[in-house]
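# Observations on the three-dimensional arrangement
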Amino acid sequence: MDIASRPAEPVENTQIADAAPPPQAPPVIHREDYLPPAWLIPQVLLDFRLGVDATHVVSTLSVTRNPEGNGTSTLRLNGDQIAPLAVRVDGREVNDWRLDGPDLLVELTGEAHSVEVETAVNPAANSQLMGLYASNGMLCTQCEAEGFRRITFFPDRPDVLSTYSVKMRGDKAQFPVLLANGNCTATGEGEDGTHWAEWHDPWPKPSYLFALVAGDLVANHDTFTTMGGRKVDLNIWVRPGDEDRTQHAMDSLINSMKWDEEAFGREYDLDLFNIVAVSDFNMGAMENKGLNVFNTRYVLADPETATDADYDAVEGVIGHEYFHNWSGNRVTCRDWFQLSLKEGFTVLRDQMFSADMGSAAVKRIEDVRVLRIAQFPEDSGPLAHPIRPDSYQEISNFYTATVYNKGAEVIRMMRTMAGPERFRAGTDLYFARHDGEAATCEDFVKAIEDGAGLDLTQFRLWYSQAGTPQLTVELDHDGARTTLTLTQAVPATPGQPEKQPVPIPLRIALYDRDTGAHSGEQLVVLDKDTGSFTFDGFAKPPVLSINRGFSAPVAIDFARANEDLVFLAAHDDDPFARYEAMQGLVVQYLVAGVSGRLDDAARTEGRAAIGAAFAAVIDDPELDDLMRGELMILPAETYLAEQLLVADPGAIHAEREALKAWLGSECGEGLKALHDRAAAVPYGRDAAARGARKIKTQALTLIAAGDPAEGARRALAQYRAADTMTDRQGALMVLASLDAPERAEALADFHQRYTGNALVIDKWFSLQGSAFHPEVLEHIKALAGHGDFTMTNPNRVRALYMAAASNPVAFHDEGGEGYRMIGELIRKLDPVNPQTAARFVPVLGRWRRIEPVRAALMRAELERIAAVPTLSRDVREQVTKSLG
Ligand code: ARG
Ligand code: ZN
C-alpha cells in the first residue's frame, strides 16, 4: 500500500474536546542540558522506623560542595509526594528551607555540612509501587528511576554516588527478616517486640540502587566461591511455602556468577548476595546492590507450575540483574539519557549467557522475534526514540524495547565487527576506565573503540538516530560475476526528519546452486546509502544468505523466488538464516495475500512452497526439536503489519489463520505423527525433552487449525496427561481458542487446580485474554469482574489486559470494542499505577499504520484519555506523543 492511502483524519469528538480543560504539559528534560551536581553526598545514614501504614525515616546526609558544580549555595533535594517533618543542618533545626514544587531547597553557607531530614510515608497506600511500598504484608522498595525521592529528600540522580548505612527497626513478628544493601553489621532486640538491624554497603552507589526489604520471608541458601577465592553467601528470599520453587533461580544465580567471571572477567564484590521475590512489582526485577528485588514470576519455578519458557525467563532475568552488578552498579549512568549504557549492554550480556546455557541458535531466534514484535513497531511509530534519547518527560516511559533490546543489538554489532577477543579487550578497558564512575554511552563507545581497535566515528549514529534502517538488496549475475547491491534508508522519525546512513555489518554467504554449498561466510559493511560488492566463481546465480545471525537490526527488502527460500530453509548452515528463510517464505505469501496480490495460481504456488518447506521441517531427522519448533512458528501478526504502510488487522488475521488451517490439513498426518512421537517422550529438563514439549504444542496448534474436533480431542488428552505446566498450558491455550465443549471443562479444572497460586492464575487470565475465540471480548469483560481480578497487582492486570491488547481478535475488533476496553483500562489504572497504565498506550498509538476505520476509533480513544485533566505525567506523555 501507498503512503497516500494513510488514514483520514478521524471525526472529532466534540463532546469530549469541549468539556476538557487544557491539560498541563509536563516539563521536557533535555540531554543537552546536563549539568554536574552542585553538591555531592559522600555518605548517607538512613534510619527507618518501619510500619505498613506509617514508616518514619530520618536521613542524615554528609554534603560537600562539588568542585565541578556551579557553586550555588542552594542544596536541591528532590521529593515526590512527601513533606519534610524536620530539617536540621549540622545538628541544628532550621526553618529557612523552602519547597520548590516537590523539591526541598536548603541554603548552605560552607563547603561541607551534615543535613538531616525527617519524613514519613504510608507504604500501604503506595499503589504506584515506586518508593517504599507494602506487598502481602511485607515492605519493599523500588527506587529506579526516581523512586528514592518518594522515601526521603535527596539529590535523586544517578551521578550522585554515596556510601549507605541503614538502620531499621520494626515489629519482630511482622518483619522477622530485615534486609538492605551490602552487609549486615549489627542486629538487636528493641522494646515492645521490636528488633533492629544495621546494614552497610561499602560500594558508593546512586540512590536508585538503594533497597530495603522487611517481612516474613524464608531463604534458599547456598554459597559461591569467586575466582579470587571470596566465599559469597547466596539467599533467595520468598514467602513461606514458596521455597520449594526456588532451586532453578539459585542454579541460575550460581551459573550467572561463574559465567560473568569466564565471559567478562567480572567477579562479585560483596560477601552476601540476596534476592527477594515480591508479588507486586511494576517490572521484571531490579539490580539493587547486593539486594536484587524480583517479580515472583522471575524467581519461582517448578515443573508443575512453570513452563519451559518460564524457566528460561527466570534464568535470563536472574542473569540480567546479576550482570548489572558490573554493568550498571560498579559502572553506573551519568544521567537517565544514558540508560542504554547499562540496559543495552546488560541485555546483550544476559542474551550471551542464556545462549551459552542452552541452545545458542534458538536463543538468537527468540531474541530477534522479540525485537521484531516489540521494538520494530516502536521504532516506526510516534514513540520512536534513539537508544540514547534526547529528551523525555517521564523517564519511566523510556524503559523500552528500543533502549533495552535495540541497545543490545547495537553493542552486538560492535562485537561482530571487532570479533569476540577484541570486543572483550574493549569491555575490559571500559570496566577498568570507569569503575566507580557514572559514565555515558560515549564513554562506552570510546572504550570499545580504544580497546578493540575499531573506528566507531560513524557508528555512533546508531546511538543518536531512531528508526529501523531499511535495506534493499539486489543480486545480479552476469557471466561469472555476481554483484550484490545494497541500499539503505533510515526512515524519518518524530523530531528527526533527515537521517544519515549508518554502518550496517552484514554476515553473508553465497550458495552455489549446483553443489548446495557456500565457500565461506563474509562480513560486509554497508556504510553509505548504496554500495556494491562483487563475487566471482559462480556459473549460475548463487543463492544469497544475508544478515546471518541477524548481524544487524535492520529490515530487509529482497524479493526472491520461493525456490531460493525453500532451499535456504532446508539447507542454510546458519540456523538463524534458516529460520529467516522459512519466515520469509510465509511473510511473502501472507503480505501478498492481504494486499490482494495473490491470484489463484500464485496462492497455489505459495502454499505449495510453504507446505513443502513445512513438511521438510517436520521430517528432518537432523533437526533437534527445539530448533524444529522455532522453524514451525509463523510470523506474528504485528510483524506482518509492520511490512505494510497501512495494515488491515482483520485481513492479516484472516489470511494467517487460513494458512494455519491449510497447513494443518495439508501436513495433518505428519503433524499427528509428530504430536504422538513428542507425547511419548518422558519428562526431563534436557534439551530433547524440552524440544519434545515445544513441538508437541506447536503440532497441536496446527492440528487444531486444520481439524478443530481432532485438535480439541488431542488437546484435552494432552491436558489430562500433562505432567508439566508446559504441556498443560499448551493444551489449554489451544482449547481456549476453540469453540468446543472441552474448553469450559479444562478452564474450570485449571482454575480449581491452581487456586491460590497467583502466577498460575495469571496464566489462566492470560490464556483466555489471548484466545482467538469469537467471544473473546465477552470473556475478557467477565474476567475483569472475576473475584480473582484486581487492578492493584500489575502481574494480574498485565495477564488479562496485555493479553487482550496483543490479541488481534480482541484488540482490533471491528466495532472498536477492544480499543474502548484498553482506553478504559488506562483511565482506570492511571490513578492507581501510572507506570503500568502508560505501558498500554503504545498499542493505541499505532493508529497511523492501521486502516482508516479502525484508525479513527483508536485515535478517538486516545483523545478520550487525553481529555482526563488529572492524567499522570506517564500517561500524558505517551498519549500526547501518540496523538501528535
Ligand atoms: N533496572 C531494572 C532492570 O534492569 C529495571 C527497573 C526499571 N524500573 C522502573 N520503575 N522503570 O531490569
Ligand atoms: Zn536491566
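This is a predicted model, so every value here is computed, not measured. (Residues numbered from 1 in each chain as written. Chains lettered and ligands numbered in written order. Predicted model: local features only at pLDDT ≥ 70, side-chain atom pairs only at ≥ 80, totals over all residues.)

## Quick notes on the overall build of the protein
Helix and strand counts for the protein come out as 29 helices and 31 strands. Dimensions of the protein, computed from the C-alpha atoms along their principal axes, are close to 90 × 65 × 60 Å. Burial statistics for the protein: of 884 residues in total, 52% are counted as buried. Of all intrachain contacts in the protein linking residues separated by at least 6 positions in sequence, the fraction that spans at least 24 positions is 71%. (Helix = DSSP H or I, 4+ residues; strand = E, 2+ residues; numbered from the N terminus. Buried ≥ 20, exposed ≤ 12 C-beta atoms within 10 Å, placed from the backbone. Contact = placed C-beta atoms within 7 Å.)

## Side note on the domain arrangement of the protein
As far as domains go, the protein holds domain 1 (41–306) and domain 2 (470–558). The straight-line distance from the C-alpha centre of domain 1 to that of domain 2 is 50 Å. (Domains from an automatic or database assignment.)

## Overview of the site of ligand 1
The full set close to ligand 1 counts 13 residues, and Glu144, Met283, Met286, Ser396 and Tyr399 are the nearest of them. Tallied by class, residues from the shell around ligand 1 come to 5 nonpolar, 5 polar and 3 charged. (Near = placed C-beta within 6 Å. Nonpolar A, V, L, I, M, F, W, Y, C, P; charged D, E, K, R; others polar.)

## Focus on the packing of helix 7 (residues 420–434) against helix 8 (residues 441–452)
One way to put it is that helix 7 packs onto helix 8 with a least axis distance of 7 Å and a crossing angle of 130°. In terms of their interaxial angle, helix 7 and helix 8 are classed as oblique. The two elements helix 7 and helix 8 cross, and the hand of that crossing is right-handed. When helix 7 is examined against helix 8, the residues Arg422, Phe423, Ala425, Gly426, Asp428, Leu429, Tyr430, Arg433 and His434 are found in contact with a partner set consisting of Asp443, Phe444, Ala447, Ile448, Asp450, Gly451 and Ala452. (Axes fitted to C-alpha atoms, helices over the stretch in contact; angles between N-to-C directions. Parallel < 35°, antiparallel > 145°, perpendicular 65-115°, else oblique. Left-handed = near helix turned anticlockwise from the far one by under 90°.)

## Observations regarding the sheet that holds strand 27 (residues 504–511)
Spatially, 28-27-30 is the arrangement adopted by the 3 strands of the open sheet, whose pairing is antiparallel. Lying at the two open borders of the sheet, with one neighbouring strand each, are strand 28 (522–526) and strand 30 (543–545). Along the sheet, successive strands turn relative to each other by an average axial angle of 40°, direction set aside. Here strand 27 runs beside strand 28; their pairing, made up of 5 bridges, is antiparallel. What sits directly across from Ile504, in strand 28, is Leu526. (Pairing = 2+ DSSP bridges.)

## Here's the deal with the confidence of the model for the protein
Across the protein, pLDDT averages 96, with 97% of residues at or above 70. Counting interchain partners and residues more than four positions distant, the pLDDT-below-50 stretch residues 1–21 has 35 contacts. Interface confidence in the predicted complex, given as ipTM, is 0.98; pTM for the same model is 0.97. (pLDDT = per-residue confidence, 0-100.)

## Structural notes on the UniProt feature "domain: Peptidase M1 membrane alanine aminopeptidase" (unreviewed entry) in the protein
Cross-referencing UniProt, the feature "domain: Peptidase M1 membrane alanine aminopeptidase" (unreviewed entry) maps to residues 249–459 in the present numbering. Along residues 249–459, the helical share is 55% and the strand share 9%, with 37 Å between the first and last C-alpha atoms. (UniProt positions renumbered as here; feature names shortened; annotations may be inferred.)

## A look at helix 22 (residues 776–784)
The set of residues buried in helix 22 consists of Val776, Leu777, Ile780 and Leu783. Mapping the buried residues of helix 22 onto a view down its axis gives an arc of 125°, with all of them on the same face. When the buried face of helix 22 is taken as reference, the exposed residues oriented beyond 90 degrees from it are Glu778 and Ala782. Contact partners of the buried residues in helix 22: helix 21 (758–770), helix 23 (794–805), helix 24 (808–811) and helix 25 (817–829). (Arc of directions from axis to C-beta.)

## Describing the UniProt feature "domain: Peptidase M1 alanyl aminopeptidase C-terminal" (unreviewed entry) in the protein
The sites that carry the UniProt feature "domain: Peptidase M1 alanyl aminopeptidase C-terminal" (unreviewed entry) are, in the present numbering, residues 563–883. Between the C-alpha atoms that bound residues 563–883 the distance is 44 Å, and the span itself is 74% helix and 0% strand.

## Description of the pairing of strand 12 (residues 162–171)
Counting buried residues in strand 12 gives 7 out of 10 residues, a clear majority hidden from the surface. Examined bridge by bridge, strand 2 (residues 39–49) and strand 12 share 7 bridges and lie parallel to one another. Bridging from a neighbouring strand, Leu45 pairs with Ser165 of strand 12. Both strand 12 and strand 15 (residues 194–205) contribute to a ladder of 9 bridges, which runs antiparallel. Residue Arg169 lies in a different strand from strand 15, and its bridge partner there is Trp196.

## Let's talk about the environment of Trp203
Looking at the secondary structure, you find Trp203 in strand 15. Each C-alpha atom, one on Trp203 and one on Val238, is 26 Å from the other, the two residues being 35 residues apart in sequence. In contact with Trp203, other than residues within four places in its own chain, are Asp269 and Lys289.

## Quick word on helix 10 (residues 562–571)
Among all positions in helix 10, only Asn562, Asp564, Leu565, Leu568 and Ala569 are buried. Each buried residue of helix 10 lies within a common arc of 160° when the element is viewed along its axis, so the set occupies one face. Contact partners of the buried residues in helix 10: strand 30, helix 11 (575–594) and helix 12 (600–619).

## Things to note about the nonpolar core
Of all hydrophobic cores here, the largest spans 242 residues; its most connected members are Val213, Val276 and Ile822. Looking at this core, you find at least three residues from each of domain 1 (41–306) and domain 2 (470–558). Setting aside its immediate chain neighbours within four residues, Val213 contacts Met138, Leu139, Cys140, Leu179, Val276, Leu291 and Val293. (Core = buried A, V, L, I, M, F, W, Y, C linked by C-beta atoms within 7 Å.)

## A word on the sheet that holds strand 10 (residues 131–135)
Strands in a sheet are paired, the pairing made by backbone hydrogen bonds, and the direction either parallel or antiparallel. The strand order across the open sheet formed by 4 strands is 10-11-16-13, and the pairing between neighbours is antiparallel. The open sheet has two edge strands with one neighbour each: strand 10 and strand 13 (177–180). Taken pair by pair, the neighbouring strands of this sheet meet at an average axis angle of 20°, ignoring direction. Taken together, the 5 bridges between strand 10 and strand 11 (residues 138–142) define a ladder with antiparallel strand orientation. Bridge pairing links Tyr133 to Cys140 in strand 11.

## Describing the environment of Pro123
Locating Pro123 in the fold gives a position in the loop between strand 9 (112–121) and strand 10. Taking C-alpha positions, Pro123 is 5.2 Å from Ala134, a pair spaced 11 residues apart along the chain. Excluding its chain neighbours within four sequence positions, the residues that come into contact with Pro123 are Val52, Thr55, Leu132, Tyr133, Ala134 and Leu139.

## Notes on unusual backbone geometry
With an omega of 0°, the peptide bond running from Glu144 to Ala145 counts as cis. Mapped onto the fold, Ala145 is located in the loop between strand 11 and strand 12.

## Points about the packing of helix 19 (residues 725–736) against helix 21
Here helix 19 crosses helix 21 at 35°, and the two axes come no closer than 9 Å. In terms of crossing hand, the pair formed by helix 19 and helix 21 is right-handed. Listed contacts from helix 21 to Gln729, Leu732, Met733 and Ala736 of helix 19 are Lys763, Leu767 and Gln768. When its residues are assigned to classes, the contact of helix 19 with helix 21 shows 4 nonpolar, 2 polar and 1 charged.

## Considerations on the environment of Arg422
Mapped onto the secondary structure, Arg422 falls in helix 7. When the C-alpha atoms of Arg422 and Phe154 are compared, they prove to be 41 Å apart, with 268 residues separating the residues in sequence.

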